[in-house]
Amino acid sequence: MLHPDGRMVFQYGELPEDPRIRNGEGVVAVSNAYGPDVLLIRGTLDPETAFEVRPAPQS
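Model, not experiment: these values are computed from the prediction.

1. Remarks on the overall build of the chain
Broken down by element type, the chain carries 1 helix and 4 strands. Going residue by residue from the N terminus, the α and β elements of the chain occur as β-α-β-β-β. For 59 residues, the compact-globule estimate of 2.2 N^0.38 gives 10 Å, and the chain exceeds it by more than 25% at 13 Å. Dimensions along the principal axes, computed over C-alpha positions, put the chain at roughly 40 × 25 × 15 Å. Expressed as a percentage of the 59 residues in the chain, the buried residues total 20%. Taking the contacts inside the chain whose residues are at least 6 apart along the sequence as the reference set, 38% of them involve residues at least 24 apart.

So this is what it looks like as structure tokens:
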């Protein structure tokens, strides 16, 4: 989910019973439109897990 304040939430529903996904080898990747900037999140993916990415606070 992409929120108006810039937060991105990655939350998964049904996933295949693949041991690579369930044992910490799942990878989520997000890149900018041109490709050189990439965010990688690696960990166990399951319906009970969500990752939230927030923009840096503005001063």
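2. Here we look at the nonpolar core
Judged by nonpolar contacts, F10, L15, I21, V28, I41, L45 and F51 together constitute the single largest core of 7 residues. Contact partners of F51, with chain neighbours within four places excluded, come to M8, V9, F10, I41, T44 and L45.

3. A look at the environment of V28
One can find V28 in strand β2 (residues 26–31). For the pair V28 and L40, spaced 12 residues apart in the sequence, the C-alpha separation amounts to 5.7 Å. When neighbours within four sequence positions are excluded, V28 is seen to be in contact with F10, Y12, L39, L40, I41 and L45.

4. Re the environment of V30
With respect to the secondary-structure elements, V30 resides in strand β2. Sequence spacing of V30 and I41 is 11 residues, and the spatial spacing of their C-alpha atoms is 8.8 Å.

5. Some remarks on the pattern of salt bridges
The tally for this structure, following the rule as stated, stands at 3 salt bridges. The shortest N-O distance in the salt bridge between E52 and R7 comes to 3.2 Å. You can see E52 sitting in strand β4 (residues 50–53) and its partner R7 sitting in the segment before β1 (8–11), a full 45 residues away along the chain. Exposure remark for E52: the relative accessible area of 38% places this residue in the partly exposed category. Three or more residues are tied together by salt bridges with common partners; here these are D5, R7, E52 and R54.

How each quantity is defined
Numbering of residues begins from 1 in every chain and follows the order in which that chain's sequence is written. Reporting of local features is limited, given that this is a predicted model, to residues whose pLDDT is at least 70; pairs of side-chain atoms are given and counted only at 80 or more, and all residues count toward the totals for whole chains, interfaces and linings. The side-chain values count all of the structure's non-hydrogen atoms but skip hydrogen atoms and water molecules. Here a helix means four or more residues in a row that DSSP labels H or I, a strand means two or more in a row labelled E, and each is numbered from the N terminus. With the radius of gyration taken over C-alpha atoms, the globule rule is written as 2.2 Å times the number of residues to the power 0.38. For each residue, the accessible area found with a 1.4 Å probe, counting protein chains only, is set against the maximum for its type, and the residue is called buried under 20%, exposed over 50%, and partly exposed in between. The contact rule is simple, with two residues in contact once any of their heavy atoms fall within 4.5 Å. We call a set of buried residues a nonpolar core when its members are Ala, Val, Leu, Ile, Met, Phe, Trp, Tyr or Cys and they connect through side-chain atoms within 4.5 Å of each other. Here, a salt bridge means any Lys or Arg side-chain nitrogen found within 4 Å of an Asp or Glu carboxyl oxygen.

By themselves, these are just geometric observations and shouldn't be taken as functional.
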